[in-house]
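# Topology and contacts: notes
Chain residues, written in single-letter form:
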Amino acid sequence: MTEIAHAQRDHALLSASGAHRWLHCTPSAKLEATLPDTTSAAARIGTLAHELAELKLQKVFSGLPTRKYNAELKKMQKHELYESIMDDHTNAYVEYIQSIVHAFPSPPFVAIERKVDLTEFVPESFGTSDCIIIGSGKLHVIDYKNGQGVPVPAFDNPQMKMYALGALKAFSLLFPIQEVHVAIVQPKVWDQPSEWSLSVADLLAWGETIKPIAQAAFSGEGAYAPGDHCGFCRAKGTCRARVEQLLDAGSLAPVKPPLISWEEAGAVLKQAEGIVSWYSELKKLALAEALKGGSVPGWKAVEGRGSRDYTDLDAAFAYLKEKGIDEAILYDRRPLTPPQLENALTKKVYKELLAESGHIITRSGAPTLAPDKDKRPAVTNQVKPEDVFDKED
Ligand code: SF4
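Structural notes, computed from the coordinates. Residue numbers run consecutively from 1 along every chain, following the written order of its sequence. In keeping with the predicted nature of the model, local features appear solely for residues at pLDDT of at least 70, side-chain atom pairs appear and are counted solely at 80 or more, and the whole-chain, interface and lining totals rest on all residues. To obtain the side-chain values, all non-hydrogen atoms of the structure were included, while hydrogens and water were left out.

### Overview of the environment of L55
If you trace the backbone, L55 turns up in helix α3 (residues 41-62). Of the residues examined, L55 reaches a relative accessible area of 5% and is grouped as buried. Expressed as a C-alpha distance, the spacing of L55 and R333, which sit 278 residues apart in the sequence, is 36 Å. The contact rule is simple, with two residues in contact once any of their heavy atoms fall within 4.5 Å. Non-local contacts of L55, meaning those with residues more than four positions away in its chain, are made with L64, Y69, E72, L73 and M76. Numbered from the N terminus, helices here are DSSP runs of H or I no shorter than four residues, and strands are runs of E no shorter than two. Each residue's exposure class comes from its accessible area (1.4 Å probe, protein chains only) as a fraction of the maximum for that residue type: buried when under 20%, exposed when over 50%, partly exposed otherwise.

### Things to note about the pattern of salt bridges
By salt bridge we mean one thing: a side-chain nitrogen of Lys or Arg within 4 Å of a carboxyl oxygen of Asp or Glu. Under the definition given, this model contains 19 salt bridges. Among the salt bridges present, the one from E356 reaches K351, with a minimum N-O distance of 4.0 Å. Relative accessible area serves as the criterion here: at 55%, E356 is assigned to the exposed category. A residue is classified by how much of its surface remains accessible, and K351, at 44% relative accessible area, is partly exposed. It is possible to trace a salt-bridge network through shared partners that takes in R240, E244 and E264.

### Considerations on the side chain of H89
Considering the arrangement of structural elements, one finds H89 in helix α5 (residues 85-102). Judged by its relative accessible area of 12%, H89 falls in the buried class. Setting aside chain neighbours within four positions, we find H89 in contact with Y144, P187 and K188.

Written out as structure tokens, the structure is:
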């Protein structure tokens with residue numbers, strides 16, 4: 001039995017995906033609601049990957065006709081944000097869900113993109129769960145994450161617990177449920193999905209504990225509490241509590257407005273100049289200390305992301321050619337950039353052959369923030385195109 005809801009990916013004030021934030025910093029949700037939602041390219045790529053994953057699940061579990069599937073797939077693959085690796089990653093997600101479904105003695109209930117009601121625990125809240133599977137007393141809640149910047153483990157994950165609560169409330173009258181299993185498939189971070197299990201009693205007990213916190217968050221009450229959860233907060237750049245915590249500039253007086261002004265932002269930028277390089281330098285020193293076996297409380301040295309290399313490049317490529325792989329696939333032929341060509345040709349030849357013949361244009365660099373004593377003139381978005389693209393003379 002399969003159910004597909006095609007839920008709109010809209011968001012409640014107290015969303016499941018933001019729960020790790022508003023559970024720690026209760027006034028953040030109301031503050032975020034006053035700020036524009038600047039959707040990043042990474043978020044839009046994530047949305048496309050989710051749509052691709054959903055399409056594949058529809059084909060596998062709801063018998064979406066092959067012609068329709070192929071037409072939709074083609075459309076997505078032509079999307080400007082499509083990356084071929086998306087297919088591998090969404091295939092891994094679908095295979096994981098198939099492995100869970102096939103482990104049941106008889107076909108379980110499967111719901112894809114199911115919108116779940118969370119209002120029993122959190123005011124006016126709902127969430128959209130990527131995949132819910134129920135059978136033999138077990139509830140599985142699975143989420144796909146396309147990002148790679150921040151690993152999201154399933155262990156004690158409030159977003160997953162909220163989806164599980166919603167699924168439990170929606171389906172426990174239809175299906176007996178004793179065990180709850182949550183999993184996050186994040187292929188850019190982990191080879192294997194991150195999994196965690198808990199009992200129905202523990203899940204419901206957690207649901208009770210969040211009720212008063214959710215009520216405070218819904219009313220915008222409580223203290224601003226900076227921490228790791230600030231990373232995706234819309235207020236993270238100008239949140240006073242965060243700025244003051246970062247700069248250790250004293251405690252937050254309740255009479256001050258929650259967002260700093262541009263005058264204050266200018267002063268903060270000046271005060272904070274050098275913090276980034278100082279921080280990375282301190283991290284290097286702490287890493288050296290940890291590698292020496294010393295103790296840096298709260299920190300440890302771990303292995304970085306590994307990389308792949310050929311054991312013998314010549315032998316590997318000779319083998320691939322022998323197997324019929326075209327040489328054009330093996331090498332990336334790129335033109336030299338103008339500065340590289342200037343180096344290769346000498347300044348004089350470069351000037352005669354390229355610059356003076358009108359084959360080179362100079363583009364302005366991306367705008368950057370600089371102190372007002374900087375010699376370059378100030379620019380705004382009002383700059384005319386002819387000021388940005390000038391022929392080199
Ligand atoms: S940035 Fe400010 S409002 Fe947002 S979660 Fe952090 S402390 Fe709370």
